[in-house]
Amino acid sequence: MNKLKVLSILSHASIFLSSTLVSVGIPLTIFFVTGDETVKANARESLNFHFNVWLYGIIIGILTFLTFGLLGFILGPILLLITLIMPILAIIQVSNNPETAFRYPFIFRLL
């Protein structure tokens, strides 16, 4: 159980390592290596969260360019807070209840 809990936590905590493709490699590897469905669900949800953060970052970047920085000044810190707070909530939930997968609210699920 501890191994599965650590893998689930590692999936959600990977967003803190970097904002590049390296952070996606951790949950992707965990998804393909593990046989436990809960750990796979946590890895899948983490991957979906990564994709959403990138999508929202691109949208904010375009809006920042179009509004000469005004919207980026407002929306950038909001995205940063969401990127920090949501994985922390996921880690806490997975630590307290490792049998259920955490589901991020308000994201598009591609996987």
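Conventions and cut-offs
- Residues numbered from 1 in each chain as written.
- Predicted model: local features only at pLDDT ≥ 70, side-chain atom pairs only at ≥ 80, totals over all residues.
- Heavy atoms only, no water.
- Core = buried A, V, L, I, M, F, W, Y, C linked by side-chain atoms within 4.5 Å.
- Buried < 20%, exposed > 50% of the residue type's maximum accessible area, 1.4 Å probe, protein only.
- Helix = DSSP H or I, 4+ residues; strand = E, 2+ residues; numbered from the N terminus.
- Contact = heavy atoms within 4.5 Å.
- Axes fitted to C-alpha atoms, helices over the stretch in contact; angles between N-to-C directions.
- Parallel < 35°, antiparallel > 145°, perpendicular 65-115°, else oblique.
- Nonpolar A, V, L, I, M, F, W, Y, C, P; charged D, E, K, R; others polar.
- Polar contact = N/O pair within 3.5 Å; in protein donor to acceptor, adjacent residues only side chain to side chain.
- Salt bridge = Lys/Arg side-chain N within 4 Å of Asp/Glu carboxyl O.

Caption draft 1: Main features of the nonpolar core. By size, the foremost hydrophobic cluster in this structure holds nine residues: Ile15, Phe49, Val53, Met86, Ala90, Val94, Phe102, Tyr104 and Ile107. Looking at this core, the elements that each hand over two or more residues are helix H3 (37-66) and helix H4 (70-96). Other than its neighbours up to four places away in sequence, Met86 contacts Phe49, Phe102, Tyr104 and Pro105.

Caption draft 2: Inspection of the packing of helix H1 (residues 2-13) against H4 at higher detail. Close contact between H1 and H4 brings their axes to 9 Å; oriented N to C, the two are set at 175 degrees. By the angle class used here, H1 and H4 are roughly antiparallel. The residues of H4 that touch H1, namely those facing Lys5, Ser8, Ile9, His12 and Ala13, are Pro87, Ala90, Ile91, Val94 and Ser95. When grouped by side-chain class, the residues that make up the contact of H1 with H4 number six nonpolar, three polar and one charged.

Caption draft 3: Seen up close, unusual backbone geometry. Even without a glycine there, the phi angle at Phe68 is positive, about 55 degrees. Relative to the helices and strands, Phe68 resides in the loop between H3 and H4. For Phe106, which is not glycine, the phi dihedral falls at a positive 60 degrees. Along the polypeptide, Phe106 turns up in the segment after H4. Accessibility expressed as a relative area gives 78% for Phe106, which makes it exposed.

Caption draft 4: Quick look at the side chain of Thr34. Its location among the elements puts Thr34 in the loop between helix H2 (22-33) and H3. The exposure class of Thr34 is buried, given its relative accessible area of 11%. A distance of 3.3 Å separates a polar side-chain atom of Thr34 from the backbone nitrogen of Asp36. Leaving out residues up to four positions away in the same chain, Thr34 has contacts with Leu7, Val39 and Lys40.

Caption draft 5: How the structure looks around the pattern of salt bridges. All told, the structure shown has one salt bridge when counted by the stated rule. Across the pair Glu45 and Arg109 runs a salt bridge, and its minimum N-O distance is 2.8 Å. With Glu45 in helix H3 and Arg109 in the segment after H4, this residue pair connects regions lying 64 residues apart in the sequence. Taking relative accessible area as the criterion, Glu45 reaches 4% and is therefore assigned buried. Take Arg109: its relative accessible area is 33%, and that puts it in the partly exposed class.

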